[in-house]
Amino acid sequence: QVQLVESGGGLVQPGGSLRLSCAASRTIFSISTMGWYRQAPGKQRELVATMTSGGSTNYADSVKGRFTVSRDNAKNTVYLQMSSLKPEDTAVYYCNANHYGLVKFDYWGQGTQVTVSS
């Protein structure tokens with residue numbers, strides 16, 4: 001069974017930093033596009049950042065220059081380093097793994113809460 005296990009959320013003051021981690025099953029990690037999405041109360045889930053298996057990245061405009069997505073293929077883990085956090089970054093952050101080749105899948109983690117508040 002495929003699992004995405006997130007960690008690293010919490011409460012941080014504005015301007016602070018957090019690093020989220022998402023560990024995936026080895027069987028899918030190497031071919032997956034790994035991504036981070038977030039959902040704030042009353043809002044739709046939105047893309048934060050993604051990284052393909054080849055290392056190409058994509059960021060939401062609202063996080064460019066502040067967030068960095070990376071992956072450690074040896075640990076089957078994707079990270080989201082968040083800096084200069086703002087109150088509007090407060091949301092539940094979800095890890096995603098997907099692939100749309102001959103094998104298709106789209107998996108989600110359980111979510112981790114990030115709260116930016118003084």
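The structure under discussion appears in the preceding block.
Note that the structure is predicted; figures quoted are calculated from it, not measured.

Reading guide: rules and limits
Residues numbered from 1 in each chain as written. Predicted model: local features only at pLDDT ≥ 70, side-chain atom pairs only at ≥ 80, totals over all residues. Heavy atoms only, no water. Disulfide = S-S within 2.5 Å. Helix = DSSP H or I, 4+ residues; strand = E, 2+ residues; numbered from the N terminus. Buried < 20%, exposed > 50% of the residue type's maximum accessible area, 1.4 Å probe, protein only. Pairing = 2+ DSSP bridges. Phe/Tyr/Trp six-rings, centres within 6.5 Å; stacked < 30°, edge-to-face > 60°.

**Considerations on the state of the cysteines**
Evaluation of the coordinates by the stated rule reveals one disulfide. Here Cys22 is linked by a disulfide to Cys95, with a sulfur-sulfur distance of 2.1 Å. For the disulfide bridge between Cys22 and Cys95, the dihedral angle about the S-S bond is near -80 degrees, and by the sign convention the bridge is left-handed. One end of the pair, Cys22, is in strand β3 (residues 18-24); the other, Cys95, is in strand β9 (residues 91-100), with 73 residues separating them in the sequence. Here Cys22 falls in the buried class, since its relative accessible area comes to 0%.

**A short note on the pairing of strand β10 (residues 104-108)**
Where β9 and β10 come together, five bridges link them in antiparallel fashion. Each residue of the ladder has a partner; that of Asn98, found in β10, is Asp106. Where β9 folds back onto β10 in an antiparallel hairpin, the turn is made up of three residues.

**A word on the packing of aromatic side chains**
Each aromatic ring pair is specified by the distance between its two centres and by the angle formed by the two planes. Per the counting criterion, the structure on display carries two aromatic pairs. Between Tyr37 and Trp108 the ring centres are 5.1 Å apart and the planes differ by 65 degrees, which places this aromatic pair in the edge-to-face class. In this pair, Tyr37 sits in strand β4 (residues 33-39) while Trp108 sits in strand β10, placing the two residues 71 residues apart along the sequence. Geometrically, the ring pair formed by Phe105 and Tyr107 is stacked, given 5.4 Å between the ring centres and 25 degrees between the ring planes.

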